[in-house]
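# A look at the structure
In case you want the letters, here they are:
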Amino acid sequence: PRCQQRLVVAVGGNALQRRGEEMTLSNQLAAAAEVAPILKTLMKQHEVVLTHGNGPQVGQLALQRTGATWDVLGAESQGQIGYVFSQALASVGQPAAALLTQVVVAADDPAFDDPAKLVGPLYSHDEAAQLATSEPTWTLKADGDHFVRRCVPSPKPLRILQLGAVEALLEMQSSAAKQSTKAGDHHHHAAAVAPPLLPIACGGGGVPVVERAGPGGAVFVCGVEAVIDKDHCGALLATSLRADGFIILTDGGGIWEKFGKPGAREMARATCGYLRSTNAGAGFPGSMGPKVEAAVAFVANSVAAGKSGAWAAIGDLRDAEKIVAGEAGTLITMELGRGVGAEEVTWRE
């Protein structure tokens, strides 16, 4: 990696809750304990913000609390998962601050008419047939070839209400880095400088809210029944913070061609143009499509806003350090090389 960069790191709800594992607090703490030392290492060299998914967890909360609305469940999952990460990070000496984050969406977003966000547990096709009778208000859609999951509306994130709080914590990170450098220069013991806080923001895509005009020009903020895609919200967070890099950590590596089939191969680097033209990420089990879209959107929007070196990466949670070094996962940039006919994709051996 180049010198200090500002990074937004997104961990999928499925990376905390691997397929086939029982959803228990101890399993989630174990998964968070894997990523905590990696985040601490990244914090030594870079400014870092952590965001996370909540698909499995928010779906489980919905089953336990049938009367609760999706915005409240989203807020609860931010608390639950923020706590899991904070605990794992504190255990490796890295303090964190989980921020309850509200994200504005449009009240007339077409997603409200077409639920598409997969949440909750995996159901077999037989179980799905029973649910169609027992839960007539649910929308059920396929997740891969063998399972079905519940679907809820997933509107596009427009604005993050707590962005200023994240920026304030990042400012503290950069001033702490300067202090520790100074301490080192003056031969003081650098450990005397308290480690900076790692902000955890926009968990589960943020709590979805709409803004409604009230009397006398007042603006009311109201929660809505939806779950925002955490990768799209992560891309918005990274763009809004003018981040250098946006890293999406998964439970299954980078972007593959022919995933899970003979002759499968993983992309090492790819341009936004290549990924758009090949519709890469389509047909993956679950949710690679939105991850690729979000990564491409971050790079394209950042470059358009003048950050020419912006990059995104998608890779396995267990390879996070290697991903930042370009040794694992898939790196996404505007272009790979200069000149006519330059390659638009390279593959891992």
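Small disclaimer: the values here were computed from a predicted structure and weren't measured. (Residues numbered from 1 in each chain as written. Predicted model: local features only at pLDDT ≥ 70, side-chain atom pairs only at ≥ 80, totals over all residues. Heavy atoms only, no water.)

## Overview of the pairing of strand β5 (residues 117-123)
The element β5 is largely enclosed, with a buried count of five among its seven residues. Pairing of β5 with strand β7 (residues 147-152), which is carried by four bridges, proceeds in the antiparallel orientation. If you follow Leu-118 over to β7, its bridge partner there is Cys-151. (Buried < 20%, exposed > 50% of the residue type's maximum accessible area, 1.4 Å probe, protein only. Helix = DSSP H or I, 4+ residues; strand = E, 2+ residues; numbered from the N terminus. Pairing = 2+ DSSP bridges.)

## Here we look at the sheet that holds β7
Strand pairing in a sheet takes place through backbone hydrogen bonds and is either antiparallel or parallel in direction. Taken together, the three strands give an open sheet; going across it, the order is β5-β7-β6, and neighbouring strands pair in antiparallel fashion. Pairing within the sheet leaves two strands with one partner each, and these edge strands are β5 and β6 (139-143). For this sheet, the mean angle separating the axes of adjacent strands, direction not counted, is 40 degrees. Each of β5 and β7 is contacted by helix α3 (residues 55-64), which is oriented at about 70 degrees to β5, the strand it contacts most. (Axes fitted to C-alpha atoms, helices over the stretch in contact; angles between N-to-C directions. Contact = heavy atoms within 4.5 Å.)

## Overview of the nonpolar core
If you look at the biggest cluster of nonpolar residues, it comprises 45 residues, and the most contacted ones within it are Leu-237, Phe-246, Leu-275, Phe-298 and Ile-332. Secondary structure elements with two or more residues in this core: β1 (6-11), α6 (163-185), α7 (230-240), β12 (245-250), β14 (265-271), α8 (272-278), α9 (288-304) and β15 (311-316). A per-element tally of this core places α9 first, with seven residues. In contact with Leu-275, not counting residues within four places along its chain, are Ile-255, Met-267, Ala-270, Ala-280, Val-292, Val-296 and Ile-332. (Core = buried A, V, L, I, M, F, W, Y, C linked by side-chain atoms within 4.5 Å.)

## Digging into the packing of aromatic side chains
A complete count under the given rule lists two aromatic pairs for this structure. Residues Tyr-123 and Trp-138 carry aromatic rings whose centres are separated by 6.4 Å and whose planes lie at 45 degrees to one another, so their mutual orientation is tilted. Residue Tyr-123 is located in strand β5, and its partner Trp-138 is located in the loop between α5 (125-134) and β6; the two are separated by 15 residues in the primary sequence. Each member of the pair, Tyr-123 as well as Trp-138, carries the same accessibility label: buried. Seen from their ring centres, Phe-246 and Phe-298 are 5.8 Å apart, and the 65 degrees between their planes marks the pair as edge-to-face. (Phe/Tyr/Trp six-rings, centres within 6.5 Å; stacked < 30°, edge-to-face > 60°.)

## Observations regarding the side chain of Lys-291
Within the fold, Lys-291 resides in helix α9. Take Lys-291: its relative accessible area is 10%, and that puts it in the buried class.

## Observations concerning the environment of Glu-266
For Glu-266, the position within the fold is in strand β14. A residue is classified by how much of its surface remains accessible, and Glu-266, at 12% relative accessible area, is buried. When the C-alpha atoms of Glu-266 and Val-209 are compared, they prove to be 38 Å apart, with 57 residues separating the residues in sequence. Excluding residues that lie within four positions of it along the chain, Glu-266 makes contacts with Gly-253, Gly-254, Ile-255, Trp-256, Gly-329, Thr-330, Trp-347 and Arg-348. Here the side chain of Glu-266 touches Gly-254 through a polar contact of 2.8 Å, landing on its backbone nitrogen. (Polar contact = N/O pair within 3.5 Å; in protein donor to acceptor, adjacent residues only side chain to side chain.)

## Things to note about the packing of α7 against α9
Between α7 and α9, whose axes approach to 8 Å, the crossing angle comes to 15 degrees. Judged by the inter-axis angle, α7 sits roughly parallel to α9. When you trace α7 past α9, the crossing you get is right-handed. Facing Lys-230, Asp-231, His-232, Ala-235, Ala-238 and Thr-239 of α7, the residues of α9 in contact are Pro-290, Lys-291, Glu-293, Ala-294, Phe-298, Asn-301 and Ser-302. Taken together, the residues of the contact of α7 with α9 break down into five nonpolar, four polar and four charged. (Parallel < 35°, antiparallel > 145°, perpendicular 65-115°, else oblique. Left-handed = near helix turned anticlockwise from the far one by under 90°. Nonpolar A, V, L, I, M, F, W, Y, C, P; charged D, E, K, R; others polar.)

## Some thoughts on the pairing of strand β11 (residues 219-223)
Looking along a regular strand, one sees the side chains alternate between the two faces of the sheet. In terms of strand pairing, strand β10 (residues 207-213) meets β11 through five bridges, oriented antiparallel. The residue bridging Arg-212 from the neighbouring strand is Phe-220, located in β11. Where β10 hands over to β11, the hairpin turn is made up of five residues, of which Gly-216 adopts a positive phi near 65 degrees.

## Examining unusual backbone geometry
One non-glycine residue, Cys-202, lies in positive phi territory at about 55 degrees. Among the secondary structure elements, Cys-202 is positioned in the loop between β9 (198-200) and β10. The residue Arg-242 is not glycine, and still its phi comes out positive at about 50 degrees. Position of Arg-242 relative to the elements: it lies in the loop between α7 and β12.

## Regarding the pattern of salt bridges
Going through the model one piece at a time under the given rule, you end up with eleven salt bridges. Linking Lys-291 and Asp-231 is a salt bridge whose minimum nitrogen-to-oxygen distance equals 3.7 Å. Of this pair, Lys-291 sits in helix α9 while Asp-231 is found in helix α7, placing the two residues 60 residues apart along the sequence. The class for Asp-231 is buried, based on a relative accessible area of 2%. Of the charged contacts in the structure, one is a salt bridge between Asp-244 and Lys-307, with a shortest N-O distance of 3.3 Å. In this pair, Asp-244 is assigned in the loop between α7 and β12 and Lys-307 in the loop between α9 and β15, connecting sequence segments 63 residues apart. Taken together, the shared-partner salt bridges connect Lys-230, Asp-231 and Lys-291 into one network. (Salt bridge = Lys/Arg side-chain N within 4 Å of Asp/Glu carboxyl O.)

## With respect to the environment of Gly-205
Among the structural elements, Gly-205 can be located in the loop between β9 and β10. Separated by 103 residues in sequence, Gly-205 and Gln-102 have C-alpha atoms that sit 8.9 Å apart.

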